[in-house]
Amino acid sequence: MDICSNLGRNVKRIRLEKAWSQEELAFRSGLHRTYVSGVERGKRNPTVIVLQQIADALEVSASRLLEIES
């Protein structure tokens, strides 16, 4: 699995644990909902700044978003 797909799975899993919509995460992170969707689908390759915005919104570390789940 590539890093973008792994990141997307982690973002989606944590977002759903919080019972947030993509729109809610987009609002909290200052991103567009379609961009969040692209990240979750592994179609976007976010910069480290965007990665930190998403992590801050989800209240987790950026490294947690990059962890490989087995």
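Residues numbered from 1 in each chain as written. Predicted model: local features only at pLDDT ≥ 70, side-chain atom pairs only at ≥ 80, totals over all residues. Heavy atoms only, no water.

**Focus on the overall build of the protein**
Part 1: Helix and strand counts for the protein stand at 5 helices and 0 strands.
Part 2: Each helix and strand of the protein, ordered N terminal to C terminal, gives the series α-α-α-α-α.
Part 3: A compact globule built from 70 residues would reach a C-alpha radius of gyration of about 11 Å, and the protein, at 10 Å, matches this within 12%.
Part 4: C-alpha atoms of the protein, sized along the principal axes, occupy 30 × 20 × 20 Å.
Part 5: Each of the 70 residues in the protein was classed as buried or not, and the buried ones make up 44%.
Part 6: Considering only contacts in the protein between residues 6 or more positions apart, those separated by 24 or more positions represent 58%.
Part 7: Roughly 4,400 Å² of accessible area belongs to the protein as shown, and the carbon and sulfur atoms make up 51% of that amount.
Part 8: Distance between charge centres in the protein, computed from 11 positive and 9 negative side chains, equals 6 Å. (Helix = DSSP H or I, 4+ residues; strand = E, 2+ residues; numbered from the N terminus. Rg over C-alpha atoms; globule rule 2.2 N^0.38 Å. Buried < 20%, exposed > 50% of the residue type's maximum accessible area, 1.4 Å probe, protein only. Contact = heavy atoms within 4.5 Å. Areas by Shrake-Rupley, 256 points an atom, 1.4 Å probe, with all protein chains shown as cover. Lys, Arg positive; Asp, Glu negative; His and termini not counted. Charge placed at Lys NZ, Arg CZ, Asp CG, Glu CD.)

**Examining the packing of helix α2 (residues 22-29) against helix α3 (residues 33-40)**
Part 1: Viewed as axis vectors pointing N to C, α2 and α3 meet at an angle of 110°, and their least axial separation amounts to 8 Å. Looking at the two axes, α2 sits roughly perpendicular to α3. Taking contact as the criterion, the partners of Q22, E23, L25 and A26 in α2 are, on α3, R33, V36, S37 and E40.
Part 2: For the contact of α2 with α3, a count of residues per class yields 3 nonpolar, 2 polar and 3 charged. (Axes fitted to C-alpha atoms, helices over the stretch in contact; angles between N-to-C directions. Parallel < 35°, antiparallel > 145°, perpendicular 65-115°, else oblique. Nonpolar A, V, L, I, M, F, W, Y, C, P; charged D, E, K, R; others polar.)

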